[in-house]
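Each chain, letter by letter, is given below.
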Amino acid sequence: MSNAEQRKRKSQLTPRREPVQARARERARQILDTTGRLLEEVGLNDLTTILIAKELGVSVGSLYHYFPNKHAILYAMGEQWLSSMTVALEELEQQDLENLDLQQFLAELLDRLVAVYREQRGLLPLVQAMWGIPELHELDERHDELLISHLSAMYKRLGFVCPPMK
């Protein structure tokens, strides 16, 4: 894919403008929250910007002031999820991991990740979208890189070493 195609694709996934005023930030949050709820209720295939706007009680044009299309809303939801996951992993990394046994570490890790997963509405359809919609593949790759980099660093601190490759 050429640089021009990448820029065009990226522009189709970014919000129209970054909300500055509190009211605009709140509306963007409402859009993401409503989309998450609708993903749970109707699924990805039946989710439309018309439905999102109707649920919010705004015009589709108003919705488009914030996001250019459905994929951009899903992309923003994915970024929000990855941001929450990053915070959870970084908080765990700040703990005194060297003094935890494996069972304690895994319990702490799972508690934090489950909390992030429960917080994100519509997560299963969102993850399915990340796999199935080419414009969202980058989010899936970022998710994998995030987990691998943080977990490998934490496992190293816990004393795990990779066996030599045969």
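As a reminder, the structure under discussion sits directly above these lines.
Definitions and limits used
- Residues numbered from 1 in each chain as written.
- Predicted model: local features only at pLDDT ≥ 70, side-chain atom pairs only at ≥ 80, totals over all residues.
- Heavy atoms only, no water.
- Helix = DSSP H or I, 4+ residues; strand = E, 2+ residues; numbered from the N terminus.
- Buried < 20%, exposed > 50% of the residue type's maximum accessible area, 1.4 Å probe, protein only.
- Contact = heavy atoms within 4.5 Å.
- Phe/Tyr/Trp six-rings, centres within 6.5 Å; stacked < 30°, edge-to-face > 60°.
- Axes fitted to C-alpha atoms, helices over the stretch in contact; angles between N-to-C directions.
- Parallel < 35°, antiparallel > 145°, perpendicular 65-115°, else oblique.
- Patch = residues over 30% accessible without salt bridge, like charges linked within 9 Å, V, L, I, M, F, W, Y side chains within 5 Å.
- Areas by Shrake-Rupley, 256 points an atom, 1.4 Å probe, with all protein chains shown as cover.
- Salt bridge = Lys/Arg side-chain N within 4 Å of Asp/Glu carboxyl O.

**So, the overall build of the protein**
Logical step 1: Along the backbone of the protein there are eight helices and zero strands.
Logical step 2: Reading the helices (α) and strands (β) of the protein from amino to carboxyl end gives α-α-α-α-α-α-α-α.
Logical step 3: Across the 166 residues that make up the protein, the buried fraction comes to 36%.
Logical step 4: Of the contacts formed within the protein by residues at least 6 apart in sequence, a portion of 72% connects residues at least 24 apart.

**Observations regarding the packing of aromatic side chains**
Logical step 1: Throughout the structure, instances matching the rule amount to three aromatic pairs.
Logical step 2: Note on Trp81 and Tyr117: the rings are 6.0 Å apart at their centroids and 40° apart in plane angle, and the pair reads as tilted. Placement of Trp81 in helix H5 (residues 70-93) and of Tyr117 in helix H6 (residues 102-119) is noted, with a sequence separation of 36 residues between them.
Logical step 3: Three or more aromatic residues joined by ring pairs make a cluster, and in this case those are Phe105, Tyr155 and Phe160.

**With respect to the packing of helix H7 (residues 123-132) against helix H8 (residues 137-157)**
Logical step 1: The N-to-C vectors of H7 and H8 enclose an angle of 110°; their axes lie 6 Å apart at closest approach. On the basis of their axis angle, the class for H7 and H8 is roughly perpendicular. Where H7 abuts H8, its residues Met130, Trp131 and Gly132 lie against His137, Leu139, Asp140 and His143.

**A closer look at a nonpolar patch on the surface**
Logical step 1: Taken together, the side chains of Leu102, Leu106 and Phe160 present a nonpolar region at the surface, about 240 Å² in accessible area.
Logical step 2: Structurally, the position occupied by Phe160 is in the segment after H8.
Logical step 3: Among the residues examined, Phe160 registers a relative accessible area of 41% and is labelled partly exposed.

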